[in-house]
Amino acid sequence: MRKFIIAAVAATILIPVGASAQSAREVREGQREVRQDQREVRRDMARGDHQEAREDRRELREDRQELREDWRDYRNSHRNAYKRTAYVAPRGMAYRPVVAGSRLNTAFYGRSYRFNNYANYRLPRPSVNQQYVRYGNDVLLVNVRNGRVVRVFDRFFW
C-alpha cells in the first residue's frame, strides 16, 4: 500500500514537468516550421512560381498564428517567469504607449532596463545593433544605433 501511495505522489509531481517540457518543445517546433515556410516562399518567388508562393504564404500565416498560440500557452503555464519587480521609469520620464517606428530616449538603454536573457522568455534573437528593453510591462526591440523601436511586445510581464 505504501508503495502505491509513493507512486501516486511521484506521478502527480512529474506530470506537470512533462506538460511544460512538451509546451516548450511545441514552441521550438513551431519556430522551425515558420523558418521552413519562409524559405519555401523565397524559393518559390525566385523561381517565379507565384501560385505556389501564395499557397506557401497562407501556410506561413497559419504557422505563425499557431506559434503565437503555443507561446501564449507556454506563457500562461509559466506565469512566475513573467512576473517582474515594479517598473520605475528614468527620472523625468513617464510611461506612454509606444508603437513600432517611434524613437526611444537613450535613458532607457541603461542596465536596469535592458535584458539579454531573451531565450528564457522565448523571444526571437535580436539582430545586430538591436536589444530588448523593458518599458513598463512591455518589452521593446530597439535598434540602438538610431533609437527606433523595431517591435513591441505589449503587456509582456504580469
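Everything below is about the structure shown above.
Residues numbered from 1 in each chain as written. Predicted model: local features only at pLDDT ≥ 70, side-chain atom pairs only at ≥ 80, totals over all residues. Heavy atoms only, no water.

1. Quick word on the overall build of the chain
Right, on to step 1. Tallying secondary structure elements over the chain gives two helices and four strands in all.
Right, on to step 2. For the chain, the α and β elements follow one another from N to C terminus as α-α-β-β-β-β.
Right, on to step 3. Within the chain, the proportion of its 158 residues that are buried is 29%.
Right, on to step 4. Contacts in the chain between residues at least 24 apart in sequence constitute 52% of all its contacts with a sequence separation of at least 6.
Right, on to step 5. For the chain, the exposed surface amounts to about 11100 Å²; the carbon and sulfur share of it is 50%. (Helix = DSSP H or I, 4+ residues; strand = E, 2+ residues; numbered from the N terminus. Buried < 20%, exposed > 50% of the residue type's maximum accessible area, 1.4 Å probe, protein only. Contact = heavy atoms within 4.5 Å. Areas by Shrake-Rupley, 256 points an atom, 1.4 Å probe, with all protein chains shown as cover.)

2. As for the pattern of salt bridges
Right, on to step 1. Overall, the coordinates contain one salt bridge when judged by the stated rule.
Right, on to step 2. The salt bridge involving Asp-44 is made with Arg-47; its shortest N-O contact spans 2.4 Å. In this pair, Asp-44 and Arg-47 both sit in helix H1 (residues 2-47), three residues apart, roughly one turn of the helix.
Right, on to step 3. Judged by relative accessible area, which is 57%, Arg-47 ranks as exposed. (Salt bridge = Lys/Arg side-chain N within 4 Å of Asp/Glu carboxyl O.)

3. A short note on the side chain of Asp-138
Right, on to step 1. Mapping Asp-138 onto the fold places it in strand S3 (residues 138-143).
Right, on to step 2. Residues in contact with Asp-138, not counting those within four places in the same chain, are Tyr-95, Val-133, Phe-153, Asp-154, Arg-155 and Phe-156.

4. Here we look at the environment of Pro-124
Right, on to step 1. Along the polypeptide, Pro-124 turns up in the loop between strand S1 (114-115) and strand S2 (130-135).
Right, on to step 2. Between the C-alpha atom of Pro-124 and that of Gln-31, which follows or precedes it by 93 residues, the distance is 9.2 Å.
Right, on to step 3. Setting aside residues up to four positions removed in sequence, Pro-124 forms contacts with Tyr-118, Tyr-132, Arg-151 and Phe-153.

5. Concerning the side chain of Asp-63
Right, on to step 1. Its place among the elements puts Asp-63 in helix H2 (residues 50-77).
Right, on to step 2. Owing to a relative accessible area of 11%, Asp-63 belongs among the buried residues under this scheme.
Right, on to step 3. Once residues within four sequence positions are removed from consideration, Asp-63 is found in contact with Glu-33, Val-34 and Asp-37.

6. As for the sheet that holds S1
Right, on to step 1. With antiparallel pairing, four strands are arranged side by side in an open sheet as S1-S2-S3-S4. The strands lining the two open edges of the sheet, one partner per strand, are S1 and strand S4 (149-153).
Right, on to step 2. Relative to S2, S1 is paired through two bridges, and the arrangement is antiparallel. Paired with Phe-115 across the bridge in S2 is Tyr-132. (Pairing = 2+ DSSP bridges.)

7. Focus on the nonpolar core
Right, on to step 1. Ranked by size, the top nonpolar core spans ten residues in total: Val-98, Leu-104, Phe-108, Tyr-109, Tyr-113, Val-133, Tyr-135, Leu-140, Val-142 and Val-149.
Right, on to step 2. Breaking this core down by element, the ones donating at least two residues are S2 and S3.
Right, on to step 3. By size, the runner-up hydrophobic cluster in this structure holds nine residues, among which are Phe-115, Tyr-121, Tyr-132 and Val-139. (Core = buried A, V, L, I, M, F, W, Y, C linked by side-chain atoms within 4.5 Å.)

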